[in-house]
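Single-letter residue listing:
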There are 2 protein chains.
Amino acid sequence: MGFGDGKVVDIHTHMYPPEYVKILESRTTMPLVRSFPGSEDPRLILLDTELPLLKEAEAAKSRGETPTSLPGRPLTKHYSSLSQKMHFMETHEIDISVVSLANPWLDFLSPEEAGPIAESINADFSRMCEEKCGRLFFFAALPLTAPQDVILSSINHVAGLPYCRGVILGTSGLGKGLDDPELLPIFHALAEAKLMIFLHPHYGLPNEVWGPRATENYGHVLPLALGFPMETTIAVTRMYLAGVFDQVPQLNMLLAHSGGTLPFLAGRIESCILHDGHLHHAGTKPKKTIWEVLSSQVYLDAVVYSDVGLKAAVHASGPDGHERLMFGTDHPFFPPLGSDEDGEWESVTWNGAAVKKAFGYGGTKDEEMESEEGKKVRGVMGGNAVRVLNLRRDGCR
Amino acid sequence: MGFGDGKVVDIHTHMYPPEYVKILESRTTMPLVRSFPGSEDPRLILLDTELPLLKEAEAAKSRGETPTSLPGRPLTKHYSSLSQKMHFMETHEIDISVVSLANPWLDFLSPEEAGPIAESINADFSRMCEEKCGRLFFFAALPLTAPQDVILSSINHVAGLPYCRGVILGTSGLGKGLDDPELLPIFHALAEAKLMIFLHPHYGLPNEVWGPRATENYGHVLPLALGFPMETTIAVTRMYLAGVFDQVPQLNMLLAHSGGTLPFLAGRIESCILHDGHLHHAGTKPKKTIWEVLSSQVYLDAVVYSDVGLKAAVHASGPDGHERLMFGTDHPFFPPLGSDEDGEWESVTWNGAAVKKAFGYGGTKDEEMESEEGKKVRGVMGGNAVRVLNLRRDGCR
C-alpha cells in the first residue's frame, strides 16, 4: 500500500490449517463445514444465527435438491492455503503477517483431544512461518478445554517456538468468561512468558437481541457489525472489573476491531464505576482507571473501517496512543463480493485509508513521509507491530 | 457552568411525576418501587439484574429484619419534585431543561390503561412547564401498548401541547423492536408533526452476557455502562437496516448517550453491509449510508463522560457535526455518592468538562468565547438545542 521505507505488518489475519478444516468437516454441531450441491466451495458455518438456514439446506440436500439459499460462507482457498495468504500479502504490499487460527479456535474440543490438537495446529503454524521465514509470525492457539496443567504446559511450549509472538484467545476462557478467577494462573503464565494475548470475538450476543426480522432480512450484518465488537468490549470490561489488570500488571492484550467499542465507552465505564453504590460501599473498584489500562496494558488493532473510530482508538490509548495501534486486515474474512478475490480487497484498502485519514496524512512525497503524521501512519501500518511484537528473525535460510 | 451569554440547555433529564411513582408502588413485577426497614427513601427497582437482591430483601422484610443489602437505588426527592429539579438547574447554571419521563416509561401498561395514563402524565409535564414557563419543555410519553389509533391520536394530541418538543421512546416499540413495519405509520405521524424522537435505552442486554460473577461483584456497572449504550446502538441499527430512515426521510431522532456506540461502529456497520453476501444478492441494502443518516436525521446528546467519546460523536455527525450534539445530564440518575446531593454533581461537571476539552476550549475570556471553539462549545451546551428544538416561549406570565 506504499508507506515509504516502513514495513507494512498485518497483525489481524487468520488461517484454518487443513487439519482444522478436517475437524470441522467431521462435526455435527456448530462450528462445522458442509458441502452442498450447486456450491463449488464447501460452506463454513460458524454462527448460531445460521442454524435455521443450515437445517433448510440440509433438508433440501437430503431430498436430492439444490438448496435455494446456503448457510455460512464459502470456504475458499483463502482460508487454508499458504500460497494464497502470500498472494494476498503481495497484492496489498504487506511485508509481514502475524497469522492466527480463526474463531472459534479450539473452544469446542474435548478435554482429552484439546492438548494434542493444539500442539499439532501450532506446529502447522510454525512450519508455515519457517517456510516463509521473516514474512510470517503467529499467535498460537491454546487448549483451553484441557485441564489446567495441560494449558500451562502448552503456554510453556509455545513460548519456546521461534515464530510465536503471543496467543489468540476467545472470550469464553474456561467456559465462564475472562473474569473467571481460575484463569489467573494462565494470565500470570502468559505475562511471565511475555506472550501477547490477541483477544478476538466469536460468540457475539444472544440471538434474541437482533429481533424477529434479523435472520431473514439483514444477513450477517447485526451479529458481525455489532455482536462481535460488543462481545469483545464486555469480555475485557469484565476482566477489568475483576481486577485482572491490577493483579497481573505485566499482562499485555491486543484487542480485535480497535477494542470493539471500548474507546468510545471508556468514559461511561469510568463514570458508572464512580457512581455505583455497590462498588462504593464494598470498596471493590479496580485500582487502575480504564484509561490507565488502555494506555499501558492494552493495544488495539486498526480494524475499524473508518477514521472516526480510528481517531477515537488512538485518542483513548493515551498521549502516545498512535504507538499502540496496529494495522490488520481480518483476511480471509470480508472478501470482495462480485469481484475477483485474487485482486485488491476493499476491506483492506478501507482500513489503510482510514489510518492515513485519521492522521491527516495526505501524500507520498519525501517530506510528507518524514512529517510527524507520516511517522504516525508508518507506526500504525507496521512500525508499532515490529517494535511491540519483536517481528525480527535473523538467520532465515 | 458559565458559557458567556449562551444559554445552557439540558436535553437529557428525567422525572417521575408523583402519579407515575404511585403506579410503580402498586406493581408486583419490575419495574417497581418498594420500601424497606433501615432505608429512608423507598427503592426504585428497574433492572432485571436486581431480581435476586429484591427477593432476598423482601424475604428479610417479611421476617421483620432489616435487609443487609438493598435492591435498586434510593428514590429520592430528585425523581419527582419540581422544586428539586429547579434547584438542580440553579446549582449547575442550566437555563432550560427538556424533561422526559424516565425509563421504562409506559411500556408495561395494559392496552386499556395506556392511553388515559399517557394523557395524564403528559398533562403533568405540561403543568410543570407552564409553571416554569420558558425554563422547562418536555418530551412526551406515548401509550405504545395501546391500539394503533390510540397511539396516533396521542401523537396528534401532544403535538398540540405548547411545551412539548418531541417524544421519548424506548427500544421495544410495539414489542418487536423499532424495525417493526407496524411502527411505520407511527414514525410517519411523528415526522409529520415535526416531533423529535428521543431514543433511550432501558432493557439492556440479556443477563447471561454479564457472566456468573456480575450481580454479586460489579454492582450495576455492566448493564448501565455497556448494556444501555449497546441496546441503543442495536435498536437504531435495526431501524437503519429496515430502511426506516429511507422511508421516513423527515424523521428526526436524538440518541441518548451520544448514540450508544454508533459513532464508533458506523464504519464497521458500513463495511459489514458492503461485504454481506445476503444483502448483496437480495439487493436490500439501505439507500442512505449510515454516515448520511448520522449527518441528517440523527442528533446525539453529549452524555458520554469523556472527550474521547464526544470527539468521535462530533466527528461521526458530519462536517457540521458540532451543530448536532446537545448537552445533557441524565439527572436524577448518577447522583454523587457519599456527598451532598443538593450540591454539584460530578456526573454533570464531567460532561460539561468533556465538551470544553473536546473542542480544546480553554477559558472564559471574551476573545476565547468568540473563537470558533468557543462558539462550538456554546452550541453543544445549549445553542444547538434552542435552535433544533425551538426552545422559545413568548408570553410567559
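Keep in mind the model is a prediction, meaning the values are calculated, not measured.

A.B. asks: Lay out the state of the cysteines in plain terms, naming residues and giving numbers.
C.D. replies: Residue and element names in this part refer to chain A. Tallied over the full model, the rule gives two disulfides over all chains. At a sulfur-sulfur separation of 1.8 Å, the disulfide partner of Cys133 is Cys396. Around the S-S axis, the bridge from Cys133 to Cys396 shows a dihedral of about -70 degrees and counts as left-handed. Of this pair, Cys133 sits in the loop between helix H4 (111-131) and strand E6 (136-141) while Cys396 is found in the segment after helix H16 (372-389), placing the two residues 263 residues apart along the sequence. Owing to a relative accessible area of 18%, Cys133 belongs among the buried residues under this scheme. Residue Cys396 is classed as partly exposed on the basis of its relative accessible area of 31%. The cysteine Cys129 is free of any disulfide, with Cys164 supplying the nearest cysteine sulfur at 8.9 Å. Exposure remark for Cys129: the relative accessible area of 0% places this residue in the buried category.

A.B. asks: Let's hear about the domain arrangement of chain A: which residues, and what values?
C.D. replies: All names here are of chain A. Domain boundaries in chain A define domain 1 (9-17 + 82-389) and domain 2 (24-79). For domain 1 and domain 2, the distance between their C-alpha centroids amounts to 28 Å. Between domain 1 and domain 2, the residue contacts involve 20 residues of the former and 16 residues of the latter. Summing the contributions of domain 1 and of domain 2, the shared interface buries around 1700 Å²; its carbon and sulfur component is 64%. Considering only the side of domain 1, the residues that lose the most area to domain 2 are Tyr16, Phe108 and His220, jointly responsible for 30% of the buried surface there. Inspection of the domain 1/domain 2 interface yields one salt bridge. Among the salt bridges present, the one from Lys77 reaches Asp342, with a minimum N-O distance of 3.6 Å. Per-element tally for the side of domain 1 that touches domain 2: the top contributor is helix H8 (residues 221-241), with three residues. Counted by class, the side of domain 1 that touches domain 2 contains 11 nonpolar, seven polar and two charged residues.

Criteria and cut-off values
Residues numbered from 1 in each chain as written. Chains lettered and ligands numbered in written order. Predicted model: local features only at pLDDT ≥ 70, side-chain atom pairs only at ≥ 80, totals over all residues. Heavy atoms only, no water. Disulfide = S-S within 2.5 Å. Helix = DSSP H or I, 4+ residues; strand = E, 2+ residues; numbered from the N terminus. Buried < 20%, exposed > 50% of the residue type's maximum accessible area, 1.4 Å probe, protein only. Domains from an automatic or database assignment. Contact = heavy atoms within 4.5 Å. Buried area = accessible area lost by both parts, 1.4 Å probe. Salt bridge = Lys/Arg side-chain N within 4 Å of Asp/Glu carboxyl O. Nonpolar A, V, L, I, M, F, W, Y, C, P; charged D, E, K, R; others polar.

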